[in-house]
Amino acid sequence: MAGDVKHDYHLVNPSPWPLVGAATACVMMLGLIVWRYSEQQLFGLSGPWLFVIGFIGVLFTMAGWWTDVAKESMRGENTSDVVRIGLRYGMVLFILSEVMFFVAWFWAFFAGALYPEAADAILLADGTQMLNAEGLPAYLQNDAKFHALGGEWPPTGVETLSPWGLPFVNTVILLLSGTTVTWAHHALTVDDKDGFVWGMVATIALGVVFSMFQVIEYYEALSQNLFAFNGGSIYGSTFFMATGFHGFHVLVGTLFLIVCLFRGLAGQFTKDRHFGFEAAAWYWHFVDVVWLFLFAMIYILGNQGMLS
């Protein structure tokens, strides 16, 4: 009797995965630096091998950790109302943190798109305009940004992508994937296993197609030298960071859904207990909403110069 649980909370069992995950992530990031600076033989190492080892370790950690979490759910260790509410609050807070993550990239984009011009010129006593460190005319505010952008948005020399090509197709794809994941959720709540499977397969396939089209779009922008990520390009850096991180979230969401599909096929979800899938669906809808904002503000308004 002394060992009986006398509370509604789930206390996590000792696990090696936080330590293993931290170590492999450290190896992966160190390997990325070594790979990037291979010509200098950083720490006597070169090439991508250290990165590959760390990356495989991270994947191993993810698989092991998520397997343990799935086993805990099957043993009924997190089925009390208090734990279920906590899981939902945790997922909501995680998505809110992701929202703020994207706010940073949109803020950087809007800083250039809304205010590409400079403030008043800095005049010397003789009435001539002061020069900045680069020998260019100096301004009170937005000096560096003004010279980098040429005083306009999109910046001088930047040829933007049309929003009505692949970006529009990808918008339709993500909106359709939102309906298919909702179909899968509804099927799960009414014990329709076939509907759940086909809804999940359709959602995963749409996510993969979206990622393929985004790769094609990036190749078009870089191969045709429309704009680049590096070289001091404010437009290129903000565009690739915002859309690239969204693309990364699509990949994560796709993996999330693949795991849920296999868990559903293994009978680990029921119509009353399937929060793992609900969390994946919430995440996928969040990804959809972020893309709609990206499409409207960056591809349409920003690329057409309608913000400045």
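Coordinates for the structure precede this section.
The following paragraphs examine the structure supplied in this document. As the structure is a computational prediction, the values presented were derived from the model and not from experiment.

This part takes up a nonpolar patch on the surface. Residues V92, L93, L96, V99, M100, V103 and W107 make up a contiguous nonpolar surface patch of about 690 Å² in total accessible area. Inspection of the secondary structure assignment puts L96 in helix α3 (residues 81–114). A relative accessible area of 47% places L96 in the partly exposed class.

Here helix α2 (residues 49–74) contains 26 residues, and its C-alpha end-to-end distance of 38 Å stays within 8% of the 38 Å for a straight helix at 1.5 Å per residue. Along α2, the positions that sit buried rather than exposed are F51, G54, G57, V58, T61, G64, A70, E72 and S73. Where the residues of α2 are buried, they touch α1 (17–36) and α7 (234–265).

Attention now goes to helix α6 (residues 193–223). End to end, α6 covers 45 Å across 31 residues, agreeing with the expected 45 Å (1.5 Å per residue, within 8%). Looking one or two places after α6, you find N225, whose phi comes out positive at around 55°.

Here we come to unusual backbone geometry. Of note, the phi angle at D191 is positive, near 65°, even though the residue is not glycine. Its place among the elements puts D191 in the loop between α5 (166–189) and α6. On the accessibility criterion, D191 (56% relative accessible area) is exposed.

Next up on the list: the packing of aromatic side chains. The final tally for this structure, using the stated rule, is 30 aromatic pairs. Judged by centre distance (5.7 Å) and plane angle (90°), the ring pair of F101 and F102 falls under edge-to-face. Note on Y218 and F240: the rings are 4.9 Å apart at their centroids and 90° apart in plane angle, and the pair reads as edge-to-face. Of this pair, Y218 sits in helix α6 while F240 sits in helix α7, placing them 22 residues apart in sequence.

Moving on, we come to the pattern of salt bridges. Think of it this way: side chains of opposite charge can pair up when their charged atoms draw near. All told, the structure shown has 1 salt bridge when counted by the stated rule. One salt bridge in this structure joins R88 and E278, with 2.7 Å as the shortest N-O distance. With R88 in helix α3 and E278 in helix α8 (residues 275–302), this pair connects stretches of sequence that are 190 residues apart. We classify R88 as partly exposed; its relative accessible area is 27%. By relative accessible area, E278 is classed as buried at 15%.

Criteria and thresholds
- Residues numbered from 1 in each chain as written.
- Predicted model: local features only at pLDDT ≥ 70, side-chain atom pairs only at ≥ 80, totals over all residues.
- Heavy atoms only, no water.
- Patch = residues over 30% accessible without salt bridge, like charges linked within 9 Å, V, L, I, M, F, W, Y side chains within 5 Å.
- Areas by Shrake-Rupley, 256 points an atom, 1.4 Å probe, with all protein chains shown as cover.
- Salt bridge = Lys/Arg side-chain N within 4 Å of Asp/Glu carboxyl O.
- Helix = DSSP H or I, 4+ residues; strand = E, 2+ residues; numbered from the N terminus.
- Buried < 20%, exposed > 50% of the residue type's maximum accessible area, 1.4 Å probe, protein only.
- Expected span 1.5 Å × (residues − 1).
- Contact = heavy atoms within 4.5 Å.
- Phe/Tyr/Trp six-rings, centres within 6.5 Å; stacked < 30°, edge-to-face > 60°.

By themselves these figures say nothing about function.
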